[in-house]
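Below, each chain spelled out in residue letters.
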Amino acid sequence: MVALVFPALPTVTLPVTGRAERFPVRRIFCVGRNYADHAAEMGNDPSEAPFFFTKPADAVVESGSRIPYPPATQNLHHEGELVVAIGKAGAMVPEEEAEKLIWGHAAGNDLTRRDLQAEAKERRRPWDMAKGFDKSAVVGAIKPGPLQDGRLRCSVNGSVRQEASVSEMIWSPAAIIAALSKMVSLSPGDLIFTGTPAGVGPLNRGDTCKVEIEGLQSASVTIA
Ligand code: MN
């Protein structure tokens, strides 16, 4: 045993549908602009290649949590997304082999400080503080196995704000894994937020935001 100057924080874990064991989270990758209608609503060209940003693993929030309205923003936004959970290591993975790395799927909400993101874009600065803040990655229970095409719906206080089929993604999970694994080595425990469809918008104190994907448990969060 290595002696530590203070106890290491425990590994972040998520519940697994139908299993008592939990899923240990390593890194969180996120895809920008993966639905044409959302790229258009943000004023971007949807034909561009996918790009990636990250959130720290300890930004994970389990479904059903209440979180404080985050500091340093006046414009917290929801982004309902399919989350792919990686179960096998891989680098430079060909797209035809990429699905073998997938352990399961979850519904997720890529919470975003939209005002800080707009400022970062404007000033050509990194997105980290807009995307990777505390409690910014809401993730539902991870369901093992493949996912059939399903409807994604994101609602605020019961009213639907985002709705799409996950098959409308420009880059499929396999294509995302192929592209991402050219940049970094993927490892078991990695999560990939696969991008959000049109309809992103603000969350206010007291709101409950629920992301539902057919076949998966929902990812719900309440802003206290
Ligand atoms: Mn997103």
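Just above sits the structure.
What comes next concerns the included structure. Note that the structure is a prediction, hence the values are computed from the model and not measured. Within every chain, residues take consecutive numbers counted from 1 along the sequence as written. The predicted origin of the model limits local features to residues at a pLDDT of at least 70 and limits the giving and counting of side-chain atom pairs to 80 or more, whereas totals for whole chains, interfaces and linings rest on all residues. Note: side-chain values were computed over all heavy atoms of the structure, leaving out hydrogens and water.

1. Some details on the environment of Arg 161
(1) Moving on: In this description a helix means any DSSP run of H or I spanning at least four residues, a strand means any run of E spanning at least two, and both kinds are numbered starting from the N terminus. Following the sequence through the fold, Arg 161 ends up in strand 14 (residues 159-165).
(2) Moving on: Exposed residues in this analysis have more than 50% of their type's maximum accessible area, buried residues have under 20%, and partly exposed residues fall in between, with area computed by a 1.4 Å probe over protein chains only. What makes Arg 161 partly exposed here is its relative accessible area of 38%.
(3) Moving on: With 13 residues separating them along the chain, Arg 161 and Ala 174 place their C-alpha atoms 27 Å apart.
(4) Moving on: Beyond its immediate chain neighbours, meaning those up to four positions away, Arg 161 contacts His 78, Cys 154, Ser 155, Val 156, Ala 198, Gly 199 and Pro 202. In this description, contact between two residues means that some pair of their heavy atoms is separated by no more than 4.5 Å.

2. Focus on the environment of Ala 130
(1) Moving on: Tracing the chain through its elements places Ala 130 in helix 3 (residues 128-131).
(2) Moving on: Here the alpha-carbon distance between Ala 130 and Leu 186, two residues 56 residues apart in the chain, equals 24 Å.
(3) Moving on: Filtering out sequence-adjacent residues up to four positions away, Ala 130 remains in contact with Leu 111, Thr 112, Arg 113, Leu 116 and Gln 117.

3. With respect to helix 2 (residues 114-122)
(1) Moving on: Every buried residue belonging to helix 2 is among Arg 114, Gln 117 and Ala 120, and all of these are buried. Down the axis of helix 2, the smallest arc covering the buried residues is 120°, so these residues share one side.
(2) Moving on: On its buried side, helix 2 packs onto strand 7 (76-78), strand 10 (112-113) and helix 3.
(3) Moving on: Residue Arg 124 follows helix 2 closely and has a positive phi angle near 55°. In this description, one arc is meant: the one made by directions from the helix axis to the C-beta atoms.

4. Description of the coordination of the manganese ion
(1) Moving on: Distances up to 2.8 Å from the metal define which N, O and S atoms are donors, and 3.2 Å serves for Na, K and Ca; water is absent from the atom set, so sites may look incomplete. Ligation of the manganese ion by protein atoms is provided by Glu 79 (OE), Glu 81 (OE) and Asp 110 (OD), these donors lying 2.0 to 2.1 Å from the ion.
(2) Moving on: The sequence motif formed by the donor residues of the manganese ion is E-x1-E-x28-D. Note that Glu 79 is positioned in the loop between strand 7 and strand 8 (80-86) and Asp 110 in strand 9 (residues 102-110), a separation of 31 residues in sequence. Each member of the pair, Glu 79 as well as Asp 110, is classed as buried.

5. What about the pattern of salt bridges?
(1) Moving on: Salt bridges, as used here, are contacts in which a Lys or Arg side-chain nitrogen is within 4 Å of a carboxyl oxygen on Asp or Glu. This model, assessed by the stated rule, comprises eleven salt bridges.
(2) Moving on: As a salt-bridge pair, Asp 190 and Arg 26 come within 2.7 Å of each other at their nearest N and O atoms. Note that Asp 190 is positioned in the loop between helix 4 (173-183) and strand 15 (191-193) and Arg 26 in the loop between strand 2 (19-24) and strand 3 (28-32), a separation of 164 residues in sequence.
(3) Moving on: Measuring nitrogen to oxygen at the nearest pair gives 2.8 Å for the salt bridge that ties Arg 114 to Glu 79. Taken together, the residues span a long stretch of sequence, with Arg 114 in helix 2 and Glu 79 in the loop between strand 7 and strand 8 at a distance of 35 residues. In this pair, the class of Arg 114 matches that of Glu 79, namely buried.
(4) Moving on: Each of Lys 55, Glu 79, Asp 110, Arg 114 and Lys 131 takes part in one network of salt bridges that share partners.

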